[in-house]
Amino acid sequence: MSRVHTTSSFTTEFGSEVEADRQAWLRRRFLWYAGLQGVFAVMGLLLLLTGSNSDSIGMRARWVSGGLNLVALIAFGWAFVHVWRDRLPRFQPLKLVYWLVVSMGLMTVLAMPALSTTMPDGSVRGPGVRIGPSTPKTAEPVLVPPGPVATPERPAASSNAPAAGATSDREATPGDARNPATRGTRPSSAILGGMMGAWAIFVTHFFACVILPWTPQESIRPIIPLIGANAVMTGGLAVSAAAHGSGVWNVTLQAIIVILVSLLVPLPGLGVCAWRHGRFRRRKTFDILRGRWRDVSRELVDARKIHESLFPKPAWVGPLRFDYAYEPMRQIGGDYLFAERGTGPNGSEVFNLVLMDVTGHGIPAALTVNRLYGELKRIFAENPGASPGVVLRLLNSYVHLTLSSHAVFVTAMCLRIDSRADTLEYASGGHPPAFLRCSDGTIDRLDSTTFVLGVVLGEEFDPEPRTLRFGAGDCLIAYTDGAIEARERGGRYLGVAGMQRIVAGSVGDKGWPETILRAVDQHRHGPSCDDTLVIELYRATRDRPSGDTTEARRVAPIGSDTQSFTGDYSTRQEAR
């Protein structure tokens, strides 16, 4: 069974571009990260080689630290070279840094017990503390630091030394492990190892978060096994310390505190990642949208040229003249005017005009107009003498079958003027009323004759065409709903009654389209909320002189938002 995948192309393209830039950024930052880690490893090796062997850092610590630095140098050096040369067929930088952080962090955590047993005096030297053999079995064990132990079989090193189990004033210092009063006050190796492991995890994670552009989700993944390993190590050291005579409850409580504190180690790094990633997305989103805005602006300029080429040219010569003015709400819109000259039944020349208003506005409505334009061209090519009723019925079938499933509907008014018969035949599908201004001053209203196109199909859709007289000096004025839906400051619409008052008035020097648009602009408060198209059909009493030219179309967008697309479109002058 086939599946239809519906995706958002813009979202996919946007996400892919952001992720591609982040991967490139991650690769650059990974080279810095691996390079700095290698430098730190070299510095650590040099310090161990040139440093003195003091009591605070024993040979075991030197060997452990040196081994860790050597392994880090090899691992990060290998990663740097391979990423720099792009020899990563299987491991991307994100996966590679994950395994590096986990492996190096685990080695550091596991090395903490060895390092914690080499702390300066004043700390217990590891879980392997010895218990004095002279301690009574029933008494609490006495912790004895490394050194000579006084036993009955082997006397103390000095005859003046106190008896086994006794403590002199000189030796009974606060914090001495042999002083029962201070037993359990100094940190055990479990606490030292756990805290040192947590600190190592914090340094490793925070340094990586500062350098690498991780997301919070990506940065938390390598830290989880490290925290788990440190908790297991701390628990093991606590069990070992308790088995060698330390207070069980005391060591257990300290180990639990260390484990809980280690859970807070990732928080600073997570905060850095969240801030960095959010800042990156905001900056990248702005850059992408700005680039897309430029692309869309250029595309809209071309789309507007194509869209305007579908409109007919005004005709101001001959017995039948027409003019129109179009103001789309945005750069392009869903109002459209189609004109076609043909031959009537009696051989007379007829003029067909179709005024349409598509649901919505902007680019989607303009794309629908392109489809309707092709359907109208097909209708009149196959049947040049099609009446308004036939044209409206065919358009309704097309809209119902192809567009209504997308919630796209159309209002349309189909007109046919026969200049020899002085008749005007029309059929209107849900379109606002047009007005026929007769030469004697009377005004006839041309109301809708049927449903909006696309709502019903078949016999339910009856165009009910009507025929009116259209003689010399008569003028037909039609418009789309953007004109009557203009609202004033108080919210009152202009309405059909307001439009009829305008038509009943006097016409301006530039004709009815410009007169009506000026009146609509004066009534409207704020920017337009819909496309506006006004047409004028006029039966001339005499031809206008060929040298008489005046403004025929106004196609400039209104509102500051549309001006920013393509700049200010000047008024186009065309010969009438």
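Residues numbered from 1 in each chain as written. Predicted model: local features only at pLDDT ≥ 70, side-chain atom pairs only at ≥ 80, totals over all residues. Heavy atoms only, no water.

**Details of the pattern of salt bridges**
Okay, step 1: The final tally for this structure, using the stated rule, is nine salt bridges.
Okay, step 2: We note a salt bridge from Arg 492 to Glu 488, for which the minimum N-O separation is 3.0 Å.
Okay, step 3: Residue classification places Glu 488 among the partly exposed positions, given a relative accessible area of 28%.
Okay, step 4: Linked by salt bridges that have partners in common, Glu 375, Arg 378 and Glu 382 make up one network. (Salt bridge = Lys/Arg side-chain N within 4 Å of Asp/Glu carboxyl O. Buried < 20%, exposed > 50% of the residue type's maximum accessible area, 1.4 Å probe, protein only.)

**Examining unusual backbone geometry**
Okay, step 1: With a phi angle near 60 degrees, Ala 407 is a residue other than glycine that sits in the positive phi range.
Okay, step 2: Take Ala 407: it is sitting in the loop between α10 (388-402) and β6 (410-418).
Okay, step 3: What makes Ala 407 exposed here is its relative accessible area of 51%.
Okay, step 4: Even without being a glycine, Glu 464 presents a positive backbone phi close to 50 degrees.
Okay, step 5: The exposure class assigned to Glu 464 is partly exposed, which follows from its relative accessible area of 38%. (Helix = DSSP H or I, 4+ residues; strand = E, 2+ residues; numbered from the N terminus.)

**Some thoughts on helix α12 (residues 495-504)**
Okay, step 1: Val 496, Gly 498, Met 499, Ile 502 and Val 503 are the residues of α12 that are buried. For α12, the arc enclosing every buried residue in end-on projection is 160 degrees, short of the 170-degree limit, so these residues lie on one face. Pointing more than 90 degrees away from the buried face of α12 are the exposed residues Arg 501 and Ala 504.
Okay, step 2: For α12, the elements touching its buried residues are β8 (434-437), β9 (443-446), β11 (475-479), α11 (481-484) and α13 (512-523). (Arc of directions from axis to C-beta. Contact = heavy atoms within 4.5 Å.)

**Re the packing of aromatic side chains**
Okay, step 1: Across all of its chains, the model carries 16 aromatic pairs by this definition.
Okay, step 2: Between the aromatic rings of Phe 311 and Tyr 336, the centroid separation amounts to 5.2 Å while the plane-to-plane angle is 75 degrees, which identifies the pairing as edge-to-face. Residue Phe 311 is found in the loop between α8 (266-309) and β3 (320-327), and its partner Tyr 336 is found in strand β4 (residues 335-343); the two are separated by 25 residues along the sequence.
Okay, step 3: Here a set of aromatic residues connected by ring pairs shows up, and it is made of Phe 311, Phe 322, Tyr 324, Tyr 326, Tyr 336, Phe 338, Phe 351, Tyr 373 and Phe 380.
Okay, step 4: Residue placement shows Arg 221 over the ring face of Tyr 98; its charged tip is 4.6 Å from the ring centre. (Phe/Tyr/Trp six-rings, centres within 6.5 Å; stacked < 30°, edge-to-face > 60°. Lys NZ or Arg CZ within 6 Å of the ring centre and 35° of its normal.)

**Observations concerning the packing of α12 against α13**
Okay, step 1: Between α12 and α13, the least distance of the axes is 10 Å, while the angle of their chain directions is 130 degrees. Considering their axes alone, α12 and α13 lie oblique with respect to each other. Considering how the two elements wind past one another, α12 and α13 form a crossing that is right-handed. The segment α12 lies against α13, with Met 499, Ile 502 and Val 503 engaging Trp 512, Ile 516 and Ala 519. (Axes fitted to C-alpha atoms, helices over the stretch in contact; angles between N-to-C directions. Parallel < 35°, antiparallel > 145°, perpendicular 65-115°, else oblique. Left-handed = near helix turned anticlockwise from the far one by under 90°.)

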